[in-house]
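Secondary and tertiary structure notes
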Amino acid sequence: MNLKTRIQDDMKAAMRAKEADRLGTIRMLLAAVKQKEVDERVELDDAAVVAILDKMIKQRRDSISQFEAGGREDLAAKERLEITVLQPYLPARLSGDALDQEIRAVMTEVGASAPQDLGKVMGPLKARLAGRADMAVASARVKALLNPA
């Protein structure tokens, strides 16, 4: 079963269970997927759906920090709830060692060895790790590996 079908099945289950918060978040996700399909006139595969999930989770994390800075804990709690609904659809995250292995493999492929090679590494790495790693963490690890101090 592909990811989009699984999300649609979970939406139906949330409707039957009358889980309003979960249902709203899943509907929002499916609306984003549908919008992308309509805009690009394609049927999205799992990788594209994972990219949308990553973007939505990142947006929620940004919103949480903004809401907390503004003293709106109620809105931050709503965003946290949405993250807990969205995260199970992401593939398993790479551990620190596995992430370092992937980074080293890409560095070898592109011949990166100095800090100015960061861009050469991040492009292929982003495609390779889509949905399996937080790219902010991956970027920090690449910088650390390129700057052996």
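If you're wondering where the values come from, they're calculated on a predicted model, not measured in any experiment.

Compared with the 20 Å implied by 1.5 Å per residue over 14 residues, the 20 Å span of helix 4 (residues 73-86) between its first and last C-alpha is a close match. Lining the buried residues of helix 4 we find helix 2 (20-40) and helix 3 (46-69).

Of note, Gly96 is situated in helix 5 (residues 96-110). Its relative accessible area of 47% is what places Gly96 among the partly exposed residues. With 77 residues separating them along the chain, Gly96 and Glu19 place their C-alpha atoms 35 Å apart.

So, about helix 1 (residues 3-16). The terminal C-alpha atoms of helix 1 lie 20 Å apart, and with 14 residues this matches the ideal 20 Å at 1.5 Å per residue to within 8%. Turning to helix 1, its buried residues number three or more, namely Leu3, Lys4, Ile7, Met11 and Ala14. The buried residues of helix 1 occupy an angular sector of 100 degrees when the element is viewed end-on, so they sit on one face. Buried residues in helix 1 make contact with helix 2 and helix 3. Just past helix 1, the residue Lys18 takes up positive phi, approximately 55 degrees.

Calculation notes
Residues numbered from 1 in each chain as written. Predicted model: local features only at pLDDT ≥ 70, side-chain atom pairs only at ≥ 80, totals over all residues. Heavy atoms only, no water. Helix = DSSP H or I, 4+ residues; strand = E, 2+ residues; numbered from the N terminus. Expected span 1.5 Å × (residues − 1). Contact = heavy atoms within 4.5 Å. Buried < 20%, exposed > 50% of the residue type's maximum accessible area, 1.4 Å probe, protein only. Arc of directions from axis to C-beta.

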